[in-house]
Amino acid sequence: MVKNNLTLKHILLVHEEIINNSRINNYNNLLSEKATKKFYNVELKKQIQQIFRKFKDLQYIISFEDEYSIQSKTNKEIPSFSDGKISDPVGDYVEKNIDYYTWEENLYYTLLELSKKLKYEEAIYLIDSFFEGKSEEQISEKMLICRKTLQKIKKSCLVKIKIEFARKNLL
């Protein structure tokens, strides 16, 4: 996958990419009950929700511009002091923003990769649950399925997210 400069437009439309990718890869299946039992726990959704909350918050913290670049244009060496500590509030601010941007970009591309492994129903669950904040009752009504079927979709989706996020050190 070729990575371009990430813009706010990309971030805001990631849910559409997730749905489109899951439709293209319609041969994907839900994970088996045995697999979900091995990796699923009741705290998993809360852990994943924290990551998505940070993802949403960073949309407002980071300045996403079309021409944004994280490259230094200076060749100056940083002066060293005897205690080895340098107080540089501007540098700290820039470094923190680069870290945020890098994390956001990593999560964005991880979501795109994950979406290629999701069944369409799992993608709907992911979007409605984590991006839209809908309840499980609302999601099951939208999908016209019973809550028991939604639980299978939910567990499969959460485990796939957990595995993909763990691979990328996001969880």
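Up top you'll find the structure we're talking about.
Residues numbered from 1 in each chain as written. Predicted model: local features only at pLDDT ≥ 70, side-chain atom pairs only at ≥ 80, totals over all residues. Heavy atoms only, no water.

Asker: Explain the packing of helix α6 (residues 120-131) against helix α8 (residues 147-167) to me, and be specific about the residues and the numbers.
Answerer: Packing of α6 against α8 leaves a shortest axis separation of 9 Å and a crossing angle of 80°. By the angle class used here, α6 and α8 are roughly perpendicular. Taking contact as the criterion, the partners of E121, E122, Y125, L126 and F130 in α6 are, on α8, L150, I153, K154, S156, C157, L158, K160 and I161. Taken together, the residues of the contact of α6 with α8 break down into eight nonpolar, one polar and four charged. (Axes fitted to C-alpha atoms, helices over the stretch in contact; angles between N-to-C directions. Helix = DSSP H or I, 4+ residues; strand = E, 2+ residues; numbered from the N terminus. Parallel < 35°, antiparallel > 145°, perpendicular 65-115°, else oblique. Contact = heavy atoms within 4.5 Å. Nonpolar A, V, L, I, M, F, W, Y, C, P; charged D, E, K, R; others polar.)

Asker: I'd like a description of the pattern of salt bridges, backed by residues and values.
Answerer: Scanning all chains against the criterion turns up eleven salt bridges. Between K116 and E113 there is a salt bridge, and its shortest N-O distance comes to 3.5 Å. On the basis of relative accessible area, E113 is assigned to the partly exposed category, the value being 26%. E136 is the salt-bridge partner of R147, the closest N and O atoms lying 3.8 Å from each other. Of the two residues, R147 is situated in helix α8 and E136 in helix α7 (residues 136-143); the sequence distance between them amounts to eleven residues. Judged by its relative accessible area of 15%, E136 is buried. Look at the salt bridges and you will find they share partners, linking K45, E136, R147 and K154 into a network. (Salt bridge = Lys/Arg side-chain N within 4 Å of Asp/Glu carboxyl O. Buried < 20%, exposed > 50% of the residue type's maximum accessible area, 1.4 Å probe, protein only.)

Asker: Mind laying out the packing of α7 against α8, listing which residues take part and the relevant values?
Answerer: Running from N to C, α7 and α8 cross one another at 105°; their axes reach a closest spacing of 10 Å. Considered as vectors, α7 and α8 are oriented roughly perpendicular to each other. Note on element contacts: α8 touches α7 through R147, L150, Q151, I153 and K154, opposite E136, E137, I139, S140 and M143. Along the lines of polarity and charge, the residues of the contact of α7 with α8 split into four nonpolar, two polar and four charged.

By themselves, these are just geometric observations and shouldn't be taken as functional.
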